[in-house]
Amino acid sequence: NLSDKLDNALHVLKGHGQITEVNVAETLKEVRRALVDADVNYKIAKDFTKTVKEKALGQDVLTALKPGQLMVKLVKDELTQLMGGEAAGVNLSGNPSVILMSGLQGSGKTTFSGKLANYLKNKKTKKPLLVACDVYRPAAINQLHVVGEQIGVEVFSDEGNQDPVAISKAAIAHAKENGHNVVIIDTAGRLAVDEAMMTEISNIHTAIEPHETLFVVDSMTGQDAVNTAKAFNDRLNFDGVILTKLDGDTRGGAAISIKSVVNKPIKFIGTGEKMDAIDVFYPSRMADRILGMGDVVSLVERAQEQYDEEEARKLQKKIAKNAFGFDDFLKQLQQIKKMGSMKDLLGMIPGAGKMLKDVDIDDDAFKGIEAIIHSMTPDERSTPKIINSSRKKRIAKGSGTSVQEVNQLLKQFNQMGKMMKMMQGGGGRQMMNMMKG
Ligand code: GDP
Ligand code: MG
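Residues numbered from 1 in each chain as written. Chains lettered and ligands numbered in written order. Predicted model: local features only at pLDDT ≥ 70, side-chain atom pairs only at ≥ 80, totals over all residues.

Here's the deal with the overall build of the protein
Here comes step 1: What the protein contains, in helices and strands, is 20 helices and eight strands.
Here comes step 2: Counting over 437 residues, the protein shows a buried share of 38%.
Here comes step 3: Counting only contacts in the protein whose residues sit at least 6 apart along the sequence, the fraction spanning at least 24 positions is 77%. (Helix = DSSP H or I, 4+ residues; strand = E, 2+ residues; numbered from the N terminus. Buried ≥ 20, exposed ≤ 12 C-beta atoms within 10 Å, placed from the backbone. Contact = placed C-beta atoms within 7 Å.)

The following block contains the structure:
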């Protein structure tokens, strides 16, 4: 019956609708390039595209409007997964909860300490205390005081005292006495990872046993960020990463690399020098950013176009040789369906929009056509000339349509063939492009 035929038709169409291997490889090459451009470590980018490839092959795209969009979705989902799925908060279980900042000099520790204090203070139930443990530079202590004043948060410091462990302990005692339920310890960093810095931060870490140890990293450092993150993680086994300076033109690929290497969640991002330039880290938003969404979408679409062009070339050859049959016609129909509704498609033809305004075009019209084509034998599809009246009757019966409808399709098909041949010159290509989208 007709329903079976339609199922069958759909089945065949599904086969045609699969993203092909060529298609996927082409697209993923672009994605990998975009990732590496965004500072994602090359090996990580390569592994990533391999995973996506496996997922993409075998995905049915008939239900998707555009295979390209499906690819983008696959890539985005996988990227989001890679960066940790859900957003993770900081551990505020202690009283006071002690938060230790670590990272290189200039990464944004002092600025982020202020931002986090401000963020928590705005939550009303929190009364933070900032602690100045960058003891070697008076300017650093002063910087934290300026920040504290700006946001109305008390800053604990002990000028002249060169022992950050003692200062931290004194600060925690001070917090307990004065009702501060969060203590944020800002520490000294150096321009590169060195033993003195590592020893100092791990001494503080061991002595005060913070509830939360955060590693602050400048997202603009790109590939270096990975090595730094690893060095700090080896010593501190930190709880989370803070990615700063994402307001710059960096795409933030460091986020992926860091997550892959240390497997710790990225908790917050810094998006400016001001105290309110702090955001919870959302993997899916970051995925958009890394992919430069628009960029990758257009890249993927371009790869898709190249693939379609190849198909179009094959088709043109067939038309030239008069070998355009119903199988090709079916493929074209499928392309059209992928593009959206028939009315939208026709609306793209200059001048046709106005004409079609009041015409109701039924997308279901395709279903009858597909059923008819599927009731044809392979010979009939490739050489429609042989379809005589007894064949027409059989096709109509098989497809649950009438001989009249079969005739109509044959007539339309003939006209289309003529038109295609006629337009082989300049206009033909345009028309083909329009047909395939
Ligand atoms: P620290 O040495 O780790 O304490 O780093 P600082 O907090 O002193 O920050 C170093 C520089 O980076 C300062 O000029 C900050 O204003 C700037 N900075 C920190 N975070 C951000 C950010 O998210 N965006 C921008 N644009 N600048 C930032
Ligand atoms: Mg500092």
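And the narrative resumes.
Topic: the UniProt feature "domain: SRP54-type proteins GTP-binding" (unreviewed entry) in the protein
Here comes step 1: The UniProt entry lists residues 265–278 under the feature "domain: SRP54-type proteins GTP-binding" (unreviewed entry), expressed in the numbering used here.
Here comes step 2: End C-alpha atoms of residues 265–278 are separated by 16 Å, and the span's content is 0% helix alongside 43% strand. (UniProt positions renumbered as here; feature names shortened; annotations may be inferred.)

Focus: the site of ligand 1
Here comes step 1: The local shell around ligand 1 holds 17 residues, among which Gly 108, Lys 109, Thr 110, Thr 111 and Gly 270 are the closest.
Here comes step 2: Per element, the largest residue contribution to the shell around ligand 1 is three residues, and it comes from helix α5 (residues 109–121).
Here comes step 3: Among the residues forming the shell around ligand 1, the class breakdown is one nonpolar, 12 polar and four charged. (Near = placed C-beta within 6 Å. Nonpolar A, V, L, I, M, F, W, Y, C, P; charged D, E, K, R; others polar.)

A look at the nonpolar core
Here comes step 1: Ranked by size, the top nonpolar core spans 76 residues in total, and within it Val 131, Val 183, Val 217 and Leu 243 carry the most contacts.
Here comes step 2: For Leu 243, the residues in contact, after removing those within four places along its chain, are Val 217, Ser 219, Gly 252, Ala 254, Ala 255, Ile 266, Ile 269 and Phe 281. (Core = buried A, V, L, I, M, F, W, Y, C linked by C-beta atoms within 7 Å.)

Quick notes on helix α8 (residues 195–208)
Here comes step 1: Here α8 spans 20 Å end to end across 14 residues, near enough to the 20 Å set by a 1.5 Å rise per residue.
Here comes step 2: For α8, every residue scored as buried is listed here: Met 197, Glu 200, Ile 201, Ile 204 and His 205. Projection of α8 onto a plane perpendicular to its axis shows the buried side chains occupying an angular sector of 135°, all on one side. Facing away from the buried surface of α8 by more than 90 degrees, the exposed residues are Glu 195, Ala 196, Thr 199 and Thr 206.
Here comes step 3: The elements touched by buried residues of α8 are β1 (97–102), β2 (128–133), α7 (164–177), β4 (182–187), β5 (212–218) and α9 (224–236).
Here comes step 4: In the stretch just after α8, Glu 209 is the one whose phi turns positive, near 45°. (Expected span 1.5 Å × (residues − 1). Arc of directions from axis to C-beta.)

Some points on the confidence of the model for the protein
Here comes step 1: With 72% of its residues at a pLDDT of 70 or more, the protein shows a mean pLDDT of 79.
Here comes step 2: This stretch, residues 1–17, has a pLDDT under 50; its non-local contacts, to residues over four places away or in other chains, come to 27 contacts.
Here comes step 3: Counted against residues more than four places away or in other chains, residues 344–359, with its pLDDT under 50, gives 12 contacts.
Here comes step 4: Here the prediction assigns the complex a pTM of 0.65, and the interface score ipTM is 0.99. (pLDDT = per-residue confidence, 0-100.)

Quick notes on the packing of α9 against helix α10 (residues 254–262)
The relative placement of two packed helices is expressed as an angle between their axes plus a distance between the axes.
Here comes step 1: Two elements in contact, α9 and α10, have axes whose closest approach is 9 Å; the angle formed by their N-to-C orientations is 35°. At the point where α9 passes α10, the crossing takes the right-handed sense. Residue-level contacts link Ala 225, Val 226, Ala 229, Lys 230 and Asn 233 of α9 to Ala 254, Ser 257, Ile 258, Val 261 and Val 262 of α10. (Axes fitted to C-alpha atoms, helices over the stretch in contact; angles between N-to-C directions. Left-handed = near helix turned anticlockwise from the far one by under 90°.)

As for the pairing of strand β6 (residues 240–244)
Side-chain direction in a regular strand flips from residue to residue, so the side chains alternate between the two faces of the sheet.
Here comes step 1: Of all five residues in β6, five are buried, a share of seventy percent or more.
Here comes step 2: Alternating positions in β6 separate into two faces, Gly 240, Ile 242 and Thr 244 on one and Val 241 and Leu 243 on the other, with burial throughout.
Here comes step 3: Direction of pairing for β5 relative to β6: parallel, over a ladder of five bridges. Bridging from a neighbouring strand, Phe 215 pairs with Val 241 of β6.
Here comes step 4: As for the winding sense of the linkage, the β-α-β connection from β5 through α9 to β6 is right-handed.
Here comes step 5: As judged from the three bridges shared by β6 and strand β7 (residues 266–270), these two strands associate in the parallel manner. In the strand pairing of β7, Leu 243 is matched with Ile 269. (Pairing = 2+ DSSP bridges. Right-handed = clockwise from strand over helix to strand, strands pointing away.)

Some words on the environment of Ala 225
Here comes step 1: Structurally, the position occupied by Ala 225 is in helix α9.
Here comes step 2: Judged by the 26 C-beta atoms lying within 10 Å of it, Ala 225 falls in the buried class.
Here comes step 3: Separated by 33 residues in sequence, Ala 225 and Ile 258 place their C-alpha atoms 7.1 Å apart.
Here comes step 4: Ignoring any residue separated from it by four or fewer positions in sequence, one finds Ala 225 in contact with Val 217, Ala 254, Ser 257 and Ile 258.

Focus on the sheet that holds β4
Here comes step 1: If you trace the eight strands from one edge of the open sheet to the other, you get β3-β2-β4-β1-β5-β6-β7-β8, paired in mixed fashion. The outermost strands of the open sheet, each flanked by one partner alone, are β3 (155–156) and β8 (278–280).
Here comes step 2: Against the sheet, helix α6 (residues 138–151) makes contact with β2, β3 and β4, and its axis sits at roughly 165° relative to β2, the strand it touches most.
Here comes step 3: Across the sheet, α10 touches β5, β6 and β7, and the angle it forms with β6 is around 165°.

As for unusual backbone geometry
Here comes step 1: Across the junction of Asn 95 and Pro 96, the peptide omega takes the value 0°, indicating a cis bond.
Here comes step 2: Along the chain, Pro 96 falls in the loop between α4 (67–82) and β1.
Here comes step 3: The phi dihedral of Lys 124 is positive, around 70°, even though this residue is not glycine.
Here comes step 4: Summarising the element assignment, Lys 124 is placed in the loop between α5 and β2.
Here comes step 5: Overall, the presence of 7 C-beta atoms within 10 Å leaves Lys 124 in the exposed class.
Here comes step 6: Phi is positive for Asn 263, close to 50°, though the residue is something other than glycine.
Here comes step 7: In this structure, Asn 263 sits in the loop between α10 and β7.

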